[in-house]
Amino acid sequence: MSTDVRTGTVRTNVPARLDRLPWSRWHWMIVIGLGTVWILDGLEVTIVGNLSGKLAEPGSGLSITQSQVTGLAAALYVAGACTGALFFGWLTDRFGRKKLFLLTLGLYLVATALTALSFDTWWFFLFRFLTGMGIGGEYAAINSAIDELIPARHRGRIDIIINGTFWLGAAMGALLTVPLLNGLPSNLGWRVAFGLGAVLGVVILLVRRHVPESPRWLFIHGRADEANHLVDSVEAEVKRETGKELPEADDHIEIRQRRSTNFLEIAQTLFRRYPKRATLGFSLFIGQAFLYNAITFGFAQILQTFFKVPTGNTGYYFAVIAVGNLLGPLLLGRLFDSVGRVPMIAGSYLGSGALLLGTAWLFHTGVLNAATMTACWCVVLFFASAGASAAYLTVSEIFPMETRAMAIAFFYAIGTAAGGITGPLLFAKLVGTGKVGDTVLAFVIGASVMIIGGLVELVLGVKAEGKSLEDLATPLSAEHAGVPSQRAGGTGAPAPLTGGAAG
């Protein structure tokens with residue numbers, strides 16, 4: 001790597017060096033340190049859903065109804081996540097991935113611990129919002145760092161599996177609530193559940209301290225030597241582990257270093273340069289957000305209202321659903337790199353939507369019980385979970401480096417606001433009526449939006465499997481450097497924008 005101090009430009013092969021690394025213990029450190037955070041999100045959502053009945057009981061310590069827990073509190077959590085994603089996403093692109101993934105996890109820890117100490121409904125609502133802010137900020141910082149540190153040939157499956165671990169947290173939360181609801185007093189069990197989430201967060205924070213800054217972010221932000229030294233140390237570690245020499249990394253890119261990217265440039269990049277990709281991002285996020293936030297926040301209420309499942313036993317059913325969700329990304333994740341992004345994303349969206357319509361029909365006919373309803377949901381969410389994880393993967397890899405965190409944050413916030421705020425409020429109201437037809441309507445709406453997302457993927461999807469992030473979208477800094485990307489052979493040709501340069 002060489003730096004031109006006078007012009008502020010740098011010619012680097014850091015992306016190529018990272019992409020050609022074999023899988024190693026260093027990559028496992030990244031996966032464990034960053035990926036485990038989705039367990040916390042799954043834990044949070046599931047705990048609230050399964051504790052909703054107990055929180056509404058007299059003697060819980062809060063004067064709150066079940067519909068307020070699954071409706072208003074859930075919507076505030078999602079609103080906080082949208083706010084946190086946008087605010088911390090901007091800070092992530094400006095100040096780096098590492099500072100922000102430590103800060104956002106710290107916010108989560110404090111907020112969820114204070115939720116456990118709630119003494120009034122306003123306090124509970126406030127800290128559900130702040131907990132959501134911490135989790136929303138995590139989405140931007142973590143997905144940015146993962147994509148920029150994981151080799152291109154592994155990026156799809158790793159990103160999808162990591163996002164899928166949300167459901168490991170969901171299963172843990174579901175099983176955790178059973179003994180807490182049945183074995184502890186009403187005013188104590190739910191507090192312990194939130195407190196245990198904070199304890200798990202502390203453990204993750206201790207591991208995460210050792211995860212480095214993204215070398216891609218470093219060299220763009222004037223820290224080329226630091227990026228070079230970091231990659232040198234990783235290469236040395238990999239050589240010691242494998243005992244083999246690494247192949248040469250001949251692909252270079254030349255960029256003009258910058259300190260930050262303003263909002264106007266981000267907006268112009270997303271909507272003027274990549275309008276088709278922006279439409280794709282919206283469609284995928286709205287589909288998965290509406291389906292998941294609308295349904296999972298109220299699943300315990302469905303079991304209790306229509307199948308008379310006792311409040312303390314809903315966790316068992318949700319744990320089964322969570323396992324189905326977890327198996328989807330684990331078993332299907334590798335196919336997103338081998339079969340390809342477009343057929344797998346479209347198939348998972350269309351398939352889960354069609355299966356949800358079938359579930360709605362069976363529920364309407366009255367042939368389902370609590371067990372068979374849970375089995376249907378397992379099949380639906382096996383496919384939906386892989387597709388939902390791929391939505392985060394898509395928006396994190398198809399936009400330029402300088403806008404990556406904000407792109408993730410923006411699509412997450414807009415999509416989740418549309419499906420995740422409206423969804424819980426609408427779904428809680430529909431299920432709360434106790435009428436089968438109203439709940440069927442909610443299922444049909446969720447399925448239809450998911451199917452639309454799949455159709456958009458078929459038309460506008462980007463074939464990103466195995467491609468470098470810089471090949472998918474040329475960094476803005478490279479275009480401003482005066483000399484475009486330098487590929488192998490030194491032709492001086494710009495990096496190709498695979499999948500459609502104009503959107």
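If you're wondering where the values come from, they're calculated on a predicted model, not measured in any experiment.

**A few points about the overall build of the chain**
Consideration 1: If you tally the helices and strands in the chain, you get 22 helices and 3 strands.
Consideration 2: Within the chain, the fraction of its 503 residues that count as buried is 60%.
Consideration 3: Contacts spanning at least 24 positions in sequence make up 85% of the contacts within the chain whose residues lie at least 6 apart.
Consideration 4: Total accessible area on the chain stands at roughly 17500 Å², and carbon and sulfur atoms take up 66% of it.

**Focus: the environment of Ser-389**
Consideration 1: Its location among the elements puts Ser-389 in helix 18 (residues 370-397).
Consideration 2: The exposure class assigned to Ser-389 is buried, which follows from its relative accessible area of 4%.
Consideration 3: What Ser-389 contacts, discounting residues up to four positions off in sequence, is Asp-159, Ile-160, Asn-163, Gly-164 and Pro-329.
Consideration 4: Within the structure, Ser-389 has its side chain in polar contact with the backbone oxygen of Ile-160 (distance 3.4 Å).

**Some words on the environment of Ser-24**
Consideration 1: Among the secondary structure elements, Ser-24 is positioned in the loop between helix 1 (14-19) and helix 2 (25-35).
Consideration 2: The class of Ser-24 is buried, set by a relative accessible area of 2%.
Consideration 3: C-alpha of Ser-24 to C-alpha of Lys-239: the two residues are 215 residues apart in sequence and 9.7 Å apart in space.

**As for the nonpolar core**
Consideration 1: Phe-307 and Phe-443 are the most contacted members of the largest nonpolar core, which has 125 residues in total.
Consideration 2: For this core, the element with the highest residue contribution is helix 18, accounting for 15 residues.
Consideration 3: Counting residues in hydrophobic clusters, the runner-up holds 16 residues, among them Ile-47, Phe-124, Phe-125 and Phe-194.

**Some words on helix 11 (residues 224-242)**
Consideration 1: Helix length check: helix 11, at 19 residues, gives a terminal C-alpha distance of 27 Å against a target of 27 Å (1.5 Å per residue), a fit within 8%.
Consideration 2: For helix 11, every residue scored as buried is listed here: Ala-224, Ala-227, Asn-228, Leu-230, Val-231, Val-234, Glu-235 and Val-238. Buried residues along helix 11 cover an arc of 160 degrees about the axis, so they all sit on one side. When the buried face of helix 11 is taken as reference, the exposed residues oriented beyond 90 degrees from it are Asp-225, His-229 and Arg-240.
Consideration 3: Immediately beyond the C-terminal end of helix 11, within one or two residues, lies Gly-243, with a positive phi of roughly 70 degrees.

**A word on the pattern of salt bridges**
Consideration 1: Taken as a whole and assessed by the stated rule, the structure comprises 15 salt bridges.
Consideration 2: Among the ionic pairs, Arg-404 bridges to Glu-148, the shortest N-O distance being 2.8 Å. Taken as a pair, Arg-404 in helix 19 (residues 404-432) and Glu-148 in helix 6 (residues 121-149) lie far apart in primary sequence, 256 residues in all.
Consideration 3: A single salt-bridge network, built from bridges that share partners, covers Arg-155, Arg-157, Asp-337, Arg-341 and Glu-397.

**A short note on the state of the cysteines**
Consideration 1: Counted under the stated rule, the structure contains 0 disulfides.
Consideration 2: No disulfide involves Cys-376; its nearest neighbouring cysteine sulfur is the one of Cys-378, lying 9.5 Å away.

**Focus on the packing of aromatic side chains**
Consideration 1: Counted under the stated rule, the structure contains 22 aromatic pairs.
Consideration 2: On the numbers, 5.8 Å between centres and 85 degrees between planes, the contact of Phe-119 with Trp-122 is edge-to-face.
Consideration 3: Accessibility expressed as a relative area gives 47% for Trp-122, which makes it partly exposed.
Consideration 4: Within the aromatic cluster, the residues linked to one another by ring pairs are Phe-271, Tyr-274, Phe-282, Phe-399, Phe-410 and Phe-411.

**Observations regarding a nonpolar patch on the surface**
Consideration 1: Together, Trp-28, Ile-32, Val-203 and Val-207 give the surface a local cluster of nonpolar side chains, amounting to about 360 Å² of exposed area.
Consideration 2: When residues of the nonpolar patch are traced back to their parent elements, those giving at least two are helix 2 and helix 9 (189-208).
Consideration 3: Positionally, Val-207 belongs in helix 9.
Consideration 4: Val-207 sits in the partly exposed class, given a relative accessible area of 33%.

**So, the side chain of Asp-159**
Consideration 1: Checked against the element boundaries, Asp-159 lands in helix 7 (residues 152-164).
Consideration 2: No salt bridge forms around the buried Asp-159; measuring N to O, its nearest opposite-charge neighbour Arg-155 is 6.7 Å away.
Consideration 3: Every residue in contact with Asp-159, bar those within four places of it in the chain, is listed here: Asn-143, Ile-146, Asp-147, Ser-389, Leu-393 and Ser-396.

**Comments concerning unusual backbone geometry**
Consideration 1: Its identity as a non-glycine residue notwithstanding, Lys-308 has a phi of 55 degrees, on the positive side.
Consideration 2: Turning to its location among the elements, Lys-308 is positioned in the loop between helix 14 (299-307) and helix 15 (314-332).

**So, the packing of helix 2 against helix 6**
Consideration 1: Packing of helix 2 against helix 6 leaves a shortest axis separation of 11 Å and a crossing angle of 170 degrees. Of the possible angle classes, the one that applies to helix 2 and helix 6 is roughly antiparallel. Only Ile-142, Ala-145, Ile-146 and Leu-149 of helix 6 make contact with helix 2, whose side of the interface consists of Trp-26, His-27, Ile-30 and Leu-34.
Consideration 2: Residue classes in the contact of helix 2 with helix 6 are distributed as 7 nonpolar, 1 polar and no charged.

**Thoughts on the packing of helix 17 (residues 341-365) against helix 18**
Consideration 1: Packing of helix 17 against helix 18 brings their axes to within 8 Å, and their N-to-C directions diverge by 150 degrees. Between helix 17 and helix 18, the crossing angle belongs to the class labelled roughly antiparallel. The element helix 17 and its partner helix 18 pack so that their crossing is left-handed.
Consideration 2: Of the residues that constitute the contact of helix 17 with helix 18, the class distribution is 18 nonpolar, 5 polar and 2 charged.

**Description of the confidence of the model for the chain**
Consideration 1: Put simply, the chain has an average pLDDT of 82, and 89% of its residues get 70 or more.
Consideration 2: Low confidence marks residues 1-7, where pLDDT is under 50. Its contacts with residues over four positions away, or in another chain, come to 13 contacts.
Consideration 3: Contacts of residues 481-502 to residues separated by more than four positions or lying in other chains number 61 contacts, the stretch itself having pLDDT below 50.

**Overview of the side chain of Asn-13**
Consideration 1: Tracing the backbone shows Asn-13 in the loop between strand 2 (9-12) and helix 1.
Consideration 2: We classify Asn-13 as buried; its relative accessible area is 12%.
Consideration 3: Reaching out from Asn-13, the side chain makes a polar contact with the backbone oxygen of Ala-249 at a distance of 3.0 Å.
Consideration 4: With residues near it in sequence (within four places) discarded, Asn-13 still touches Ala-249, Asp-251 and His-252.

The rules we used
- All residue numbers refer to positions counted from 1 along the written sequence of the respective chain.
- Whole-chain, interface and lining totals are the exception, using all residues; otherwise, since this is a predicted model, local features are given only for residues with pLDDT of at least 70 and side-chain atom pairs are given and counted only at 80 or more.
- Based on all heavy atoms of the structure, the side-chain values leave hydrogens and waters out of the count.
- Put simply, DSSP marks the helices as runs of H or I at least four residues long and the strands as runs of E at least two long, and each gets a number from the N terminus on.
- Any residue under 20% of the maximum accessible area for its type is buried, any over 50% is exposed, and the rest in between are partly exposed; the area is computed with a 1.4 Å probe on protein chains only.
- Note on contacts: a residue pair is in contact if any heavy atoms of the two residues lie within 4.5 Å.
- Each accessible area is a Shrake-Rupley estimate made with a 1.4 Å probe; only the visible protein chains count as cover when residues are assessed.
- We call two N or O atoms a polar contact when they sit within 3.5 Å, provided that within protein one can donate a hydrogen and the other can accept it, with sequence-adjacent residues counted only if both atoms are side-chain atoms.
- The criterion is simple. A nonpolar core is a set of buried Ala, Val, Leu, Ile, Met, Phe, Trp, Tyr and Cys residues joined through side-chain atoms within 4.5 Å.
- For a helix, the expected span equals 1.5 Å multiplied by the residue count minus one.
- Taking the helix axis as origin, the arc is that swept by the directions to the C-beta atoms.
- The rule for a salt bridge is simple: a side-chain nitrogen of Lys or Arg has to be within 4 Å of a carboxyl oxygen of Asp or Glu.
- Cysteine sulfur atoms that pair up within 2.5 Å are treated as a disulfide.
- Stacked, tilted and edge-to-face are the three classes applied to pairs of Phe, Tyr and Trp rings, where Trp contributes its six-membered ring and a pair requires centres within 6.5 Å; stacked means planes under 30 degrees apart, edge-to-face means over 60, and tilted covers the rest.
- Like charges are joined within 9 Å and nonpolar side chains (Val, Leu, Ile, Met, Phe, Trp, Tyr) within 5 Å, but only among residues with over 30% relative accessible area and no salt bridge; these make up the patches.
- Charged residues are defined here as Lys and Arg on the positive side and Asp and Glu on the negative side; His and the ends of the chain fall outside this count.
- Axis definition: a line fit to C-alpha positions, over the contact stretch in the case of helices; interaxial angles, taken between N-to-C directions, run 0 to 180 degrees.
- Here the word oblique covers every angle except those under 35 degrees (roughly parallel), over 145 (roughly antiparallel) and from 65 to 115 (roughly perpendicular).
- Following the grouping adopted for this structure description, the nonpolar residues are Ala, Val, Leu, Ile, Met, Phe, Trp, Tyr, Cys and Pro, the charged ones are Asp, Glu, Lys and Arg, and the polar ones are all others, Gly among them.
- Handedness of a crossing follows from how the near helix is turned relative to the far one, being left-handed for an anticlockwise turn of less than a right angle and right-handed for a clockwise one.
- pLDDT gives the predictor's per-residue confidence on a scale running from 0 to 100.

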